[in-house]
Amino acid sequence: MRLVFLGPPGSGKGTQAAILKDHLNVPHISTGALLRGQVAQQTALGKKAEAIMARGELVPDDIMLGMLESRLTEDDVANGFILDGYPRNVAQAEALSELLERIEQPLDQAVLLDVDMDVLVDRLAARAEQEGRADDTPETVRRRLEVYKNQTEPVIGFYTEREMIVRIDGEGSIDDISERLLKACCPSDDE
Ligand code: AP5
């Protein structure tokens, strides 16, 4: 099973991907987590990405594609993957289609987690207190939400045109949302 998780910051992509990956027995690939790893190690890429992420902007497409291509060609991806945080604009969606075609790993579905703005802001404020993630400050959260609206929302249209999108209500308890996702993505598990 090859899935892309879409949704605004705080919609639960990372939380749900971490649960679903065990049901599907595939790796959870988070481009945000890959970038945070590069920042923590202060690699050349990490140093470049750090300031961009702190502003809530997108890291340039060529950097992201190079990083993703190396990850998607690792051995553990042979059975599929859950991709969280990519694509974030239509150019990335097109690049992903080409890459997946080239490595013969066509996408099955794009899953969109629908969550109201107020809920997103509350969740990210709570995480800021609990974890202190560098980009969860009120100003950066505002910018991340704007960037989502302007650059990432059009990706929904990209997958809708290709009849690949599944919308999931992303509000409620984590368990309830996982159940909805499992029903939508792997219905046989529920029988
Ligand atoms: P990334 O790490 O992808 O951040 P994001 O998309 O803003 O997503 P979040 O991690 O904030 O939210 P999420 O939807 O995963 O929700 P989560 O499960 O964590 O990207 C960070 C930055 O990296 C970007 O801004 C950009 O600079 C760069 N970047 C990454 N990918 C890129 C790309 N492709 N191109 C260019 N740049 C890129 O949940 C959020 C919180 O809510 C958690 O505390 C969680 O515990 C809680 N929560 C989750 N579900 C529930 C629930 N049902 N009820 C209550 N609380 C919940």
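All values reported here derive from a predicted model rather than from experimental measurement. (Residues numbered from 1 in each chain as written. Predicted model: local features only at pLDDT ≥ 70, side-chain atom pairs only at ≥ 80, totals over all residues. Heavy atoms only, no water.)

Draft legend 1. Layout of the environment of M67. Considering the arrangement of structural elements, one finds M67 in helix 4 (residues 61–72). A relative accessible area of 10% places M67 in the buried class. With 33 residues separating them along the chain, M67 and L34 place their C-alpha atoms 8.3 Å apart. Once residues within four sequence positions are removed from consideration, M67 is found in contact with T31, L34, L35 and L45. (Helix = DSSP H or I, 4+ residues; strand = E, 2+ residues; numbered from the N terminus. Buried < 20%, exposed > 50% of the residue type's maximum accessible area, 1.4 Å probe, protein only. Contact = heavy atoms within 4.5 Å.)

Draft legend 2. Up close: the site of the ligand. In the neighbourhood of the ligand, 31 residues make up the surrounding shell, with T15, E57, R88, R127 and R144 lying closest. Between S11 and the ligand, the recorded distance is 3.2 Å, taken from a backbone N or O atom to an oxygen atom. Here an oxygen atom of the ligand sits 2.9 Å away from a polar atom, N or O, in the main chain of G14. Calculation on the ligand without its partners gives an accessible area of 1,000 Å², and the protein chains cover 88% of this total. Most atoms of the ligand, that is more than half of them, are within 2 Å of grid points of the largest pocket. At the level of elements, helix 1 (13–24), helix 2 (31–41), helix 6 (117–131) and helix 8 (174–185) are the ones that each hand at least two residues to the shell around the ligand. (Near = heavy atom within 4 Å. Polar contact = N/O pair within 3.5 Å; in protein donor to acceptor, adjacent residues only side chain to side chain. Areas by Shrake-Rupley, 256 points an atom, 1.4 Å probe, with all protein chains shown as cover. 1 Å grid on protein atoms, 1.4 Å probe; cavity = no way out; pocket = protein on both sides within 12 Å on 5 of 7 lines; lining within 4 Å. Sits in = over half its atoms within 2 Å of the grid points.)

Draft legend 3. Region of the structure containing the nonpolar core. One finds L72, L96 and Y159 to be the most contacted residues of the largest nonpolar core, which totals 32 residues. Of all the elements in the fold, those that place two or more residues in this core are strand 1 (2–6), helix 2, helix 3 (44–55), helix 4, strand 3 (81–84), helix 5 (90–102), strand 4 (109–114) and helix 7 (138–161). Other than its neighbours up to four places away in sequence, L72 contacts I29, V77, F81, L96, L99, L100 and I103. Grouped together as the second largest cluster of nonpolar side chains are 16 residues, F5, L20, I82 and C186 included. (Core = buried A, V, L, I, M, F, W, Y, C linked by side-chain atoms within 4.5 Å.)

Draft legend 4. Looking closely at the packing of aromatic side chains. Using the criterion set out here, one finds one aromatic pair in the structure. Ring geometry for F158 against Y159: centres 5.0 Å apart, planes inclined by 85°, an arrangement best described as edge-to-face. The pair F158 / Y159 is uniform in exposure class, with both members buried. Positioned above the aromatic ring of F158, the side-chain terminus of R162 is 3.6 Å from the ring centre. (Phe/Tyr/Trp six-rings, centres within 6.5 Å; stacked < 30°, edge-to-face > 60°. Lys NZ or Arg CZ within 6 Å of the ring centre and 35° of its normal.)

Draft legend 5. Molecular detail of the pairing of strand 5 (residues 165–169). Residues V166 and I168 line the buried face of strand 5, whereas the alternating positions I165, R167 and D169 sit on a face that is not buried. The sheet contact formed by strand 4 and strand 5 spans five bridges and is parallel. By the bridge assignment, L113 is partnered in strand 5 with I168. (Pairing = 2+ DSSP bridges.)

Draft legend 6. Structural context of the sheet that holds strand 2 (residues 28–30). Overall, parallel pairing links the five strands, which are arranged 2-3-1-4-5 in an open sheet. The open sheet has two edge strands with one neighbour each: strand 2 and strand 5. The mean inter-strand angle of the sheet, taken between neighbouring strand axes irrespective of direction, is 25°. Sitting on the sheet, helix 7 is in contact with strand 1, strand 4 and strand 5, with an inclination near 125° to strand 5. The sheet contacts of helix 8 involve strand 1, strand 4 and strand 5, and relative to strand 5 the element is tilted by about 155°. (Axes fitted to C-alpha atoms, helices over the stretch in contact; angles between N-to-C directions.)

Draft legend 7. Here's a closer look at helix 4. For helix 4, spanning 12 residues, the distance from its first C-alpha to its last is 16 Å, which sits close to the expected 16 Å at 1.5 Å a residue. Within helix 4, the full set of buried residues consists of I63, M64, M67, L68, R71 and L72. Within helix 4, the buried residues cover an arc of 150° as seen down the axis, which keeps them to one side. Against strand 2, helix 2, helix 3, strand 3 and helix 5 lie the buried residues of helix 4. (Expected span 1.5 Å × (residues − 1). Arc of directions from axis to C-beta.)

Interpretation note: all reported values are geometric properties and have no functional meaning in isolation.
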